[in-house]
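# What the coordinates show
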2 protein chains.
Amino acid sequence: MSAAIRSPQPSPPLTRSVEDYLKSVFHLTSQGGFATTSDIAEMLEVAPPSVSGMMKRLSETGLIEHVPYRGVQLTPQGRRAALQMIRRHRILESYLTSKLGFDWGDVHVEAERLEHAVSEKLIERMADALGEPRYDPHGAPIPTAAGEIEEAELVSLAAAEVGHTVVLQEVSDEHPARLRYLAEQGLRPGVQLTVIDRQPFNGPTTARLGDGTTRVVGQELALLLLCRPADGE
Amino acid sequence: MSAAIRSPQPSPPLTRSVEDYLKSVFHLTSQGGFATTSDIAEMLEVAPPSVSGMMKRLSETGLIEHVPYRGVQLTPQGRRAALQMIRRHRILESYLTSKLGFDWGDVHVEAERLEHAVSEKLIERMADALGEPRYDPHGAPIPTAAGEIEEAELVSLAAAEVGHTVVLQEVSDEHPARLRYLAEQGLRPGVQLTVIDRQPFNGPTTARLGDGTTRVVGQELALLLLCRPADGE
DNA sequence: ACAGGGCATTAGGTTAGCCTAATTATCAGA
DNA sequence: TCTGATAATTAGGCTAACCTAATGCCCTGT
Ligand SMILES: [Mn+2]
Ligand SMILES: [Mn+2]
Ligand SMILES: [Mn+2]
Ligand SMILES: [Mn+2]
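This section reports on the structure supplied with the text.

Bringing the interface of chain B and chain A into the picture now. At the junction of the two partners, chain B supplies 17 residues and chain A supplies 17 residues. With both sides pooled, the region where chain B packs onto chain A buries about 1500 Å², and carbon together with sulfur makes up 58% of that total. The largest share of the area that chain B buries against chain A comes from Leu 100, Ala 117 and Arg 125 of chain B, three residues that together contribute 33% of it. Connecting chain B to chain A are 2 salt bridges. Residue Asp 106 of chain A pairs with Lys 121 of chain B through a salt bridge whose shortest N-O separation is 2.9 Å. Linking chain B with chain A are 11 residue pairs in polar contact (both at pLDDT 80 or more), by the criterion used here. Top element by residues in the side of chain B that touches chain A is helix α6 (residues 120–130) of chain B. It accounts for 5 residues.

Below is the structure:
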């Protein structure tokens, strides 16, 4: 027998854990640079040695590039897989919210489990039923089925200049209680905000809504409200 | 410290494997009696020793009763868990069929994965959106949220007496191709069938449909078509 | 140049869930 | 009653994912 060229192994499906690690690395490297062991560990709520072990396996399977003691980055293959998971997650959140009456605070947890169990076909049926949405309920862009994702440079409300008018674009989707509070305050993606004051020493930002009412937002929360310049600016 | 009474351990959530084993035991004991190791192994496509090992664990956690070398039965707790999984499975199949345009041949595989990832809340939202359906797309009864399931004594088309009229009630949901064939033939749950002939030596059954057309069904398939007497009989 | 602190990795161990091979129990037929 | 076939269990091993404790690397400040 001559040494046959091994054709690209029919790679086994990724496990739930692997899928979540890839998503973490994607999110932690979205501004460029490396994802560190401890950041991944914190995000996934596992111990650092668990991450080291997984990183070794993932680099052996070609999903990430690991520079020891530096951190990791996704390979093109890893990035494709991560974007597919993010598409699943965000389509699920959208579907649960629009079609099944879920609160936008509750969908993240549900999607975090379902994203590993749905087929490609089911996701595309949901996307179709929704009219191919481009943003999830929290304003995050949904990657296309082909693996493209919109990248916008957003500025947090905590950093928006006083006097400027911005549009709230995206909100972190992790904390149900925080999301419910924001909804009560009318702080949903798409709302227009004019920054009318900011107190010093990391103090609160005051903003006026379209209806003339105002909101005072502490810095911790304001940092999580990602905005883009209003159209007419 | 006095020996405190250990309050009922906050039992960890069941794993995917455990849930599937419980469902198998339920199905295999639905006619009474014990589920055997080899039947479970065949149904789940695992080796018999895997079943023996799992049966030991499940009887330690009180989900099944194991009589060595005889087989297993569900405890009330195991039965509750199994029925919950069957409800999830069948609601999912119904939802995918009615709301997302899935073919009735494809939904089983999809539900087999999703049943382990959906929350109680999601299932109840789906059930609500469907109007609390009582049967899944294959005619199988859906357990209630409280854990009640309808039990009907059905007779297979292969056993229905010649001359009698029956209503097709339920069809095995496991084989996509078979289900597509049945749909083509108009053999869906609810259809009325008059048995007009049966050939000897396990030969085919001939039945007339409501529209006067006839179908010839081999015994293997006829055994899987479960019927009840027509209303007016 | 080097001492620490902090982070990452290695070492070693656990549990769930599977496997194959070896052993043992059960039951039917001679 | 014995004997063989069949089915079940035990023995022993593997991989994925986690953990804690021990060790090693790297950088920064003196
Ligand atoms: Mn997840
Ligand atoms: Mn989201
Ligand atoms: Mn099914
Ligand atoms: Mn299943």
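In this section: the protein's contact with DNA strand C. In the vicinity of DNA strand C lie 20 residues, with Ser 38 of chain A together with Thr 15, Ser 50, Arg 57 and Arg 70 of chain B positioned nearest. A breakdown of the atoms of DNA strand C within 4 Å of the protein gives sugar and phosphate a share of 83%. Within the side chain of Ser 38 of chain A, one N or O atom sits 2.6 Å away from a phosphate oxygen of DNA strand C. Only α2 (37–44) and α3 (48–60) of chain A together with α1 (16–28) and α3 (48–60) of chain B provide two or more residues apiece to the surface near DNA strand C. A breakdown of the residues in the surface near DNA strand C according to their chemical character gives 10 nonpolar, 8 polar and 2 charged.

Should their charged atoms come close, side chains of opposite charge can pair. Scanning the model with the defined rule gives 24 salt bridges over all chains in all. With a shortest N-O distance of 3.8 Å, Arg 16 of chain B and Asp 20 of chain B are connected by a salt bridge. Of this pair, Arg 16 of chain B and Asp 20 of chain B are both found in helix α1, 4 residues apart, which corresponds to roughly one turn of the helix. With a relative accessible area of 43%, Arg 16 of chain B lands in the partly exposed category. One network of salt bridges, with partners in common, ties together Asp 103, Asp 106 and Arg 180 of chain A together with Lys 121 of chain B.

All names here are of chain A. Of note, Ala 127 is situated in helix α6 (residues 120–130). On the basis of relative accessible area, Ala 127 is assigned to the buried category, the value being 0%. Taking the C-alpha atoms as reference, Ala 127 lies 9.9 Å from Arg 90; in sequence the two are 37 residues apart. Ala 127 has contacts with Arg 87, Ile 91, Glu 132 and Pro 133, leaving out every residue within four places of it along the chain.

Note on metal geometry: ideal angles are 109.5 degrees for four donors arranged tetrahedrally and 90 or 180 degrees for six donors arranged octahedrally. Residues and elements named next belong to chain B. Surrounding the manganese ion (ligand 4) are the protein donor atoms Asp 20 (OD), Glu 112 (O), Glu 112 (OE), Glu 115 (OE) and His 116 (NE2), at 2.0 to 2.4 Å. Written as a sequence motif, the donor arrangement for the manganese ion (ligand 4) is D-x91-E-x2-E-H. Of this pair, Asp 20 sits in helix α1 while His 116 sits in the loop between α5 (107–114) and α6, and the two are 96 residues apart along the sequence. Taking the relative accessible area as the measure of exposure, Asp 20 reaches 13% and is therefore buried.

Turning to the packing of aromatic side chains, a few remarks are in order. Scanning the model with the defined rule gives 0 aromatic pairs over all chains in all. Directly above the aromatic system of Phe 102 of chain B lies the positively charged group of Arg 125 of chain A, at a separation of 5.1 Å from the ring centroid.

On to the protein's contact with DNA strand D, then. Taken together, 20 residues form the shell around DNA strand D, and within it Thr 15, Ser 50, Arg 57 and Arg 70 of chain A together with Ser 38 of chain B come nearest. Backbone atoms, meaning sugar and phosphate, form 80% of the atoms of DNA strand D found within 4 Å of the protein. One of the side-chain N or O atoms of Arg 70 of chain A is found 2.3 Å from a phosphate oxygen in DNA strand D. Elements represented by at least two residues in the surface near DNA strand D include exactly α1 (16–28) and α3 of chain A together with α2 (37–44) and α3 of chain B. It is α3 of chain A that contributes the most residues to the surface near DNA strand D, 4 residues altogether.

What counts and how
- Here the residue numbers are simple positions, counted from 1 along each chain's written sequence.
- All chains are assigned letters beginning with A, and all ligands numbers beginning with 1, in the order in which they are written.
- It should be noted that, the model being predicted, local features are given only for residues of pLDDT at least 70 and side-chain atom pairs only at 80 or more, the latter also being counted only at that level, while totals for whole chains, interfaces and linings use all residues.
- Remark: hydrogens and water are excluded; side-chain values derive from all non-hydrogen atoms of the structure.
- Any pair of residues with heavy atoms lying within 4.5 Å of one another is described as a contacting pair.
- Simply put, the buried area is the total loss of 1.4 Å probe accessible area from both parts when two parts are fitted together.
- Salt bridges are defined as contacts in which a side-chain nitrogen from Lys or Arg sits within 4 Å of a carboxyl oxygen from Asp or Glu.
- Polar contacts here mean pairs of N or O atoms no more than 3.5 Å apart (in protein, one a potential hydrogen donor and the other a potential acceptor; neighbouring residues in sequence count only if both atoms are side-chain atoms).
- Counting from the N terminus, the helices are the DSSP runs of H or I reaching at least four residues and the strands are the DSSP runs of E reaching at least two.
- Nearness of a residue to a molecule or strand requires only that one of the residue's heavy atoms be within 4 Å of it.
- Ten residues, namely Ala, Val, Leu, Ile, Met, Phe, Trp, Tyr, Cys and Pro, are considered nonpolar, four, namely Asp, Glu, Lys and Arg, are considered charged, and the remaining ones, Gly among them, are considered polar.
- The buried label goes to any residue with under 20% of its type's maximum accessible area, the exposed label to any with over 50%, and the partly exposed label to all in between, with areas taken from a 1.4 Å probe on protein chains only.
- Atoms of type N, O and S within 2.8 Å of a metal are treated as its donors, and for Na, K and Ca the window is 3.2 Å; water is not considered, so some sites may appear to be missing partners.
- Stacked, tilted and edge-to-face are the three classes applied to pairs of Phe, Tyr and Trp rings, where Trp contributes its six-membered ring and a pair requires centres within 6.5 Å; stacked means planes under 30 degrees apart, edge-to-face means over 60, and tilted covers the rest.
- By the criterion adopted, a ring carries a charge over it if an Arg CZ or a Lys NZ lies within 6 Å of its centre and within 35 degrees of its normal.

Purely spatial values, then, with no claim about function.
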